[in-house]
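# Results of the structural survey
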Amino acid sequence: MKLRNTWLLAFVAPAFFAGCSHDQINNPITATDIKSHIAVLADDSLQGRKPFTIGETKATAYIASQFKKLGLEPGNNGSYFQDVPMVEVRSTPSATMKISGGKADMALSFMTDFVASTRREVDTVQLKNSPVVFAGYGIVAPEYKWNDYAGLDVKGKTVIVLVNDPGFKSGEHNLFKGDTMTYYGRWTYKYEEAARHGAAAILIVHQAEPASYAWNVVTNSFTGAKLYLQQSDKHMSRCKAEGWITEDAAKKLLAAAGITGDMRAIARKRDFKAMPLNLNASLVIQTKLKYSTSHNVIAVLKGSARPDECVLYTAHWDHLGIGKPDAKGDSIYNGAVDNASGVAATLAEAKAFIALKDKPQRSIVFLAVTGEEQGLLGSEYYATHPIFPLNKTVADLNMDALGSYGETNDFSVTGKGQNDLEDYVESFAKQEGRTVTGDKNPGAGGYYRSDHFNFAKVGVPALDMNNGAASIAHGTAWGKSKQKEYNEQHYHQPSDNYSADMDANGMAEVANMLFNVGNKLANETTFPGWKDKSEFKAVRDKSMGK
Ligand SMILES: [Zn+2]
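Residues numbered from 1 in each chain as written. Predicted model: local features only at pLDDT ≥ 70, side-chain atom pairs only at ≥ 80, totals over all residues. Heavy atoms only, no water.

## A look at the coordination of the zinc ion
Taken together, the protein ligands of the zinc ion are Asp338 (OD), Glu373 (OE), Glu373 (OE) and His492 (NE2), with distances of 1.9 to 2.5 Å. One way to put it: the 4 donor atoms around the zinc ion meet at angles of 56 to 147°, and that makes the site irregular. Here the donor residues for the zinc ion map to a single chain with the spacing D-x34-E-x118-H. With Glu373 in the loop between strand E17 (362-369) and helix H10 (377-384) and His492 in the loop between helix H13 (476-489) and helix H14 (505-522), the pair connects residues that are 119 residues apart, well separated along the chain. On the basis of relative accessible area, Glu373 is assigned to the buried category, the value being 17%. On the basis of relative accessibility, which here comes to 25%, the residue His492 falls in the partly exposed class. (Donors = N, O, S within 2.8 Å, 3.2 Å for Na, K, Ca; no water. Tetrahedral: all angles 85-135°; square planar, octahedral: opposite > 155°, others 65-115°. Helix = DSSP H or I, 4+ residues; strand = E, 2+ residues; numbered from the N terminus. Buried < 20%, exposed > 50% of the residue type's maximum accessible area, 1.4 Å probe, protein only.)

Structure (structure tokens):
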């Protein structure tokens, strides 16, 4: 990158320093800038940066001190911190869920056949003979003219729905987004929609292909306590029970109602109508509650011309803390890549903005969020308790787990096709002869799995990007093998460590790209939008008064 930049600068420097163009690429961020921060954030003394631990205190203090040192103003009314009140709910369901009303009663076993938990902040929730309904994909999507709840009263009932959306592996490109998962395919959405209709419980049928993960991934996430944001209604508007059942168990329930054959094929038919199974479910869940407060860290560089409008940078500072030791006996989940890298890159971007001769016209807000690993909680809190108005927030630019395998000729944009921000990336990438690709596995719904998603949900155009696989030094096959190696050997494991020979040049590439995108956005008067088919367009149009 260094050679290329020098070469490029010879051509662009006059125009750039004349201060008239924000379209020319400028790459001030180096790997060294980034590595120095990762070394601190991923140090063993931070104990894996888990919320509410000494790791939180140290990580958030470090980020705030760096913001201050750079000369950024506190982002929250004189403070660099935003309180994020959370509640930990430890659910213990009864060992079996009783299903009555069929030819013979059935008992589904916890962990083997089903998992369930509750968000309700009460001692006990109880399902008593709750009528069971098969509600297809459990989707209400006006832009796709789809409503699985049409004419259906599910109050007090238990709905069984399929994961992913009707388009997935249907062979129909125009059914939703074909094999690319929309938000309607995510389990989080299914829970929310069932709650909006007043269902007592929701169980998602686990099928490995459309879920993109195995049953043990589901059960693992139901073993300990879960963290949620505190809600004023104590989560009483959520279903009493939220969970999953295995495909085999679901087949038994459907068979008891005389429904056989491929569930997905049945549910994806345009004339599909929800089916009461004439069965009743009974289950008790006991809970233990614990209330705590974690923190987002926020700073602002005030815009020179339109300070009330802002470009937002996000990266989560938290990781998994101390846990099960690996084969080497290491039990600290340092999260050097996930996501000390994103925070480090954000700090490097802040430094680059401060160094600009022409101050950005719009404000630049830097937000390091908590609780990503626990369900994108810090970003959800900010997006639902924004400090800078959302309809004046031009974009969210997010970084999570940047690649540590050096520079690449390509960038990968998560959820490509969602909004106009990728066009900014394309145009800068073009200047350097680089390409932009979509995410590796669009059917897995990556766009809904990091913090930018919470901004998308409230309508703010959000971009999450990373290096692609086309390694400049070693080629694409090698790049892919490095991505695979990280996913299988280091992701969410104690070995996601910092070392002095970590290659952060690719991280610097991504940070530079987002710095350029943000700087261009900060000097425009227009607002980028969502593409026509995006499920987030309607909410943005509404908040912008369109
Ligand atoms: Zn993670």
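Structure's up, so let's keep going.
## Observations regarding the environment of Glu380
Examined against the element boundaries, Glu380 turns out to sit in helix H10. The class of Glu380 is partly exposed, set by a relative accessible area of 26%. Ignoring sequence-local partners within four residues, the contact set of Glu380 consists of Leu229, Gln231 and Asn454. (Contact = heavy atoms within 4.5 Å.)

## Quick word on the packing of helix H2 (residues 31-41) against helix H3 (residues 54-70)
Packing of H2 against H3 brings their axes to within 10 Å, and their N-to-C directions diverge by 150°. Here H3 runs roughly antiparallel to H2, going by the angle between their axes. Residues Ser36, His37, Val40 and Leu41 of H2 touch H3, and the partners they reach there are Ala59, Tyr62, Ile63 and Gln66. Class assignment of the residues belonging to the contact of H2 with H3 gives a composition of 5 nonpolar, 3 polar and no charged. (Axes fitted to C-alpha atoms, helices over the stretch in contact; angles between N-to-C directions. Parallel < 35°, antiparallel > 145°, perpendicular 65-115°, else oblique. Nonpolar A, V, L, I, M, F, W, Y, C, P; charged D, E, K, R; others polar.)

## Considering the nonpolar core
One finds Ile34, Ile38, Ile63, Phe67, Leu397 and Met465 to be the most contacted residues of the largest nonpolar core, which totals 65 residues. With 11 residues, helix H9 (residues 336-355) is the single largest residue contributor to this core. Not counting residues up to four positions away in its chain, the partners in contact with Phe67 are Leu72, Tyr80, Val297, Ile298, Ala299, Leu347 and Phe366. Grouped together as the second largest cluster of nonpolar side chains are 64 residues, Ala116, Ile259, Phe272 and Leu279 included. (Core = buried A, V, L, I, M, F, W, Y, C linked by side-chain atoms within 4.5 Å.)

## Remarks on H3
The end-to-end C-alpha distance of H3 is 24 Å, a good match for the 24 Å that 17 residues give at a rise of 1.5 Å each. Among all positions of H3, only Gly55, Glu56, Ala59, Thr60, Tyr62, Ile63, Ala64, Gln66 and Phe67 are buried. At its buried positions, H3 is contacted by H2, strand E2 (81-93), strand E13 (275-301), H9 and E17. Looking one or two residues beyond H3, the residue adopting positive phi is Gly71, at roughly 95°. (Expected span 1.5 Å × (residues − 1).)

## Remarks on helix H4 (residues 187-196)
For H4, a buried count of 8 out of 10 residues is recorded, marking the element as mostly surrounded by other parts of the structure. Along H4, the residues that are buried comprise Thr188, Tyr189, Lys190, Tyr191, Glu192, Glu193, Ala194 and Ala195.

## Section: the environment of Val159
Looking at where Val159 falls in the secondary structure, it is placed in strand E9 (residues 158-162). Judged by relative accessible area, Val159 falls into the buried class, the value being 0%. In this structure the C-alpha to C-alpha distance between Val159 and Ala477, which are 318 residues apart in sequence, comes to 44 Å. If we ignore the near neighbours within four places in the chain, the residues touching Val159 are Val133, Ala135, Tyr149, Val154, Ala194, Ala199, Ala201, Ile202 and Leu203.

## Focus: the side chain of Arg264
Take Arg264: it is sitting in helix H8 (residues 263-267). By relative accessible area, Arg264 is classed as buried at 13%. Here Arg264 is in contact with Tyr137, Leu162, Phe168, Lys169, Gln207, Glu209 and Pro210, once residues within four sequence places are set aside.

## Some words on the environment of Ile298
Position of Ile298 among the secondary structure elements: in strand E13. For Ile298, a relative accessible area of 0% corresponds to the buried category. The spatial distance from the C-alpha of Ile298 to the C-alpha of Phe67 is 8.4 Å, given a sequence separation of 231 residues.

## Re unusual backbone geometry
When glycine is set aside, most residues are seen to have a negative phi, and most peptide bonds are trans. Omega for the peptide link from Asp338 to Asn339 comes to 0°, which places this bond in the cis form. Among the secondary structure elements, Asn339 is positioned in helix H9. Here the phi dihedral of Phe52 falls at roughly 75°; this positive angle occurs in a residue that is not glycine. Turning to its location among the elements, Phe52 is positioned in the loop between H2 and H3. Of note, His492 is a non-glycine position whose phi angle comes to about 55°, a positive value.

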